[in-house]
Amino acid sequence: MAASPASSARRRASFRRAVTASVSGGPTGTGCPGLPVLSVACNGCNLRCDFCQNWTISQMKAQTTPLPPVELVKLALKSRSFGVAYTYTEPLVWFEYLVQAGALVRESGLKNILVTNGVLNEAPLRELLPLIDAMNVDLKSMKESFYRDHCHSEGAEAAKRTIRLAAEACFVEVTNLIIPGLNDSDEDLRELTAFVADVNPSIPLHFSRYFPTYKMDIPATPVSTLVRAKEIAQERLQYVYLGNVRLEDDANTYCPDDGHLLVRRTGYRTEVVGIDGGCCSGCGRPADFLWCDD
Ligand code: SF4
């Protein structure tokens, strides 16, 4: 199912209510290292993934708190966030809120960060993109059959189109949740890597570890699968990360040219250690980050 401005007008009343709001490190991971961001979510999603980790707020009715766009901006400024992340559920289903809030956030000098499944039509995407500074798109599989069988909707082609168009307009990252037996073959991983590399090899790709939840009881992804995925993706991509797993160096960022450590990440702690004037302090290569102030 795709989101569109007209089709969601009847949901306008609920757009002013947020399920949750919190301040933490940026959800895009590498776009804005170490900076605090206000994260907000609304009830609902346009997909019904059997493996949804946030199913209690994406698939069920959840208690919400009123948060008109003007109050959202006040909250972000008060919490000294550099921007607002629309995340946890699917922000595209509150499209009108995104457009209204996104414009006010921009006017106040803050950034808009969208964490999304990317499943929407091209026209509303083009309307939204000028307001978005960074986007993390969850590409669940390259195959429509995966979306149909496990997310109960078409989605692969729309998500791919979103990544292609967003990469021309803002900072983009891609996340792929690896589920044993469903999207973890070498062929799956190479196909997804090739797609991202063809859009831009400097797009960060995050492979995330699956754990059984909601309607899916397949055992958790072996760590060895994630390591193999990273090795395959690094053949074509400059920034590959592993999520939901603790491995030495799995979250750090290194310069693709000289291997210099740029950003050290330990748990929730992020330190910018090797960027000087927006460039690698080792070789001077411009760092592929959205905001590098040092
Ligand atoms: S797209 Fe994300 S939030 Fe929506 S059901 Fe799937 S996993 Fe959950």
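Here, every reference points to the structure presented above.
Residues numbered from 1 in each chain as written. Predicted model: local features only at pLDDT ≥ 70, side-chain atom pairs only at ≥ 80, totals over all residues.

Participant: Run through unusual backbone geometry, naming residues and quoting values.
Facilitator: The backbone phi angle of His152 is positive, close to 60 degrees, even though this residue is not glycine. Relative to the assigned elements, His152 resides in the loop between α6 (144-151) and α7 (156-167). By C-beta crowding, His152 is classed as partly exposed, having 13 other C-beta atoms within 10 Å. One non-glycine residue, Tyr214, adopts positive backbone phi at about 50 degrees. By secondary structure assignment, the location of Tyr214 is in the loop between β9 (205-209) and α9 (223-234). Residue class for Tyr214 comes out partly exposed when judged on the 16 C-beta atoms lying within 10 Å of it. (Helix = DSSP H or I, 4+ residues; strand = E, 2+ residues; numbered from the N terminus. Buried ≥ 20, exposed ≤ 12 C-beta atoms within 10 Å, placed from the backbone.)

Participant: Outline the environment of Val119, listing residues and values.
Facilitator: Summarising the element assignment, Val119 is placed in the loop between β6 (111-116) and α5 (122-128). Residue classification places Val119 among the buried positions, given that 27 C-beta atoms sit within 10 Å. In this structure, the C-alpha to C-alpha distance between Val119 and Ala158, residues 39 residues apart in sequence, is 5.1 Å.

Participant: Give a description of the site of the ligand that names residues and reports values.
Facilitator: Lining the immediate surroundings of the ligand are Cys45, Leu47, Arg48, Cys49, Cys52, Asn54, Ser58, Thr89, Glu90, Asn117 and Cys151. Grouping the amino acids of the shell around the ligand by side-chain chemistry returns 5 nonpolar, 4 polar and 2 charged. (Near = placed C-beta within 6 Å. Nonpolar A, V, L, I, M, F, W, Y, C, P; charged D, E, K, R; others polar.)

Participant: Give me the pairing of strand β3 (residues 36-41): which residues, what numbers.
Facilitator: Within β3, 5 of the 6 residues are buried, leaving the element largely enclosed by the surrounding structure. Of the pairings in the sheet, the one linking β3 to strand β5 (residues 83-86) comprises 3 bridges and is parallel in character. Paired with Leu38 across the bridge in β5 is Val84. (Pairing = 2+ DSSP bridges.)

Participant: Quick rundown of the packing of helix α8 (residues 186-199) against α9? Include the residues and the values.
Facilitator: Think of two packed helices as two axes; the pair is described by the angle between the axes and how far apart they sit. Packing of α8 against α9 brings their axes to within 9 Å, and their N-to-C directions diverge by 40 degrees. Accordingly, the angle class assigned to the pair α8 and α9 is oblique. The element α8 and its partner α9 pack so that their crossing is right-handed. Residues Asp186, Leu189, Arg190 and Thr193 of α8 form the contact with α9, whose participating residues are Ala229, Ile232 and Ala233. Residue composition of the contact of α8 with α9, by class: 4 nonpolar, 1 polar and 2 charged. (Axes fitted to C-alpha atoms, helices over the stretch in contact; angles between N-to-C directions. Parallel < 35°, antiparallel > 145°, perpendicular 65-115°, else oblique. Left-handed = near helix turned anticlockwise from the far one by under 90°. Contact = placed C-beta atoms within 7 Å.)

Participant: Please provide a residue-by-residue account of the environment of Lys230, values included.
Facilitator: Here Lys230 shows up in helix α9. When the C-alpha positions of Lys230 and Val240 are compared, they lie 6.2 Å apart, and in sequence the two are 10 residues distant.

Participant: Requested: an account of the sheet that holds strand β12 (residues 261-266), with residues and values cited.
Facilitator: With respect to topology, 3 strands assemble into an open sheet ordered β11-β12-β13, the strand pairing being antiparallel. Both outer strands of the open sheet, β11 (253-254) and β13 (269-272), are each paired with one neighbouring strand and no more. Here β12 runs beside β13; their pairing, made up of 4 bridges, is antiparallel. When the bridges of β13 are listed, Arg265 appears paired with Thr270.

Participant: With reference to specific residues and values, describe the nonpolar core.
Facilitator: Counting residues in each nonpolar core, the largest one holds 73 residues, and the members touching the most others are Val84, Met135, Val137, Val172 and Leu205. For this core, the leading source of residues is helix α4 (residues 95-107), giving 6 residues. Of all hydrophobic cores here, the second largest spans 6 residues; its members include Cys255, Leu262, Val263 and Ala287. (Core = buried A, V, L, I, M, F, W, Y, C linked by C-beta atoms within 7 Å.)

Participant: Just give me the short version of the pairing of strand β7 (residues 134-138), but keep the residues and values in it.
Facilitator: With 5 of 5 residues buried, β7 lies mostly within the body of the structure. Side-chain alternation along β7 places Ala134, Asn136 and Asp138 on one buried face and Met135 and Val137 on a second face that is also buried. Inspection of the sheet shows β6 paired to β7 by 4 bridges, in the parallel sense. If you follow Val115 over to β7, its bridge partner there is Asn136. In this fold, β6 hands off to α5, which returns the chain to β7; that crossover is right-handed. As paired strands, β7 and strand β8 (residues 171-178) are joined by 5 bridges and run parallel to one another. Considered in β8, the bridge of Asp138 is made with Thr175. (Right-handed = clockwise from strand over helix to strand, strands pointing away.)

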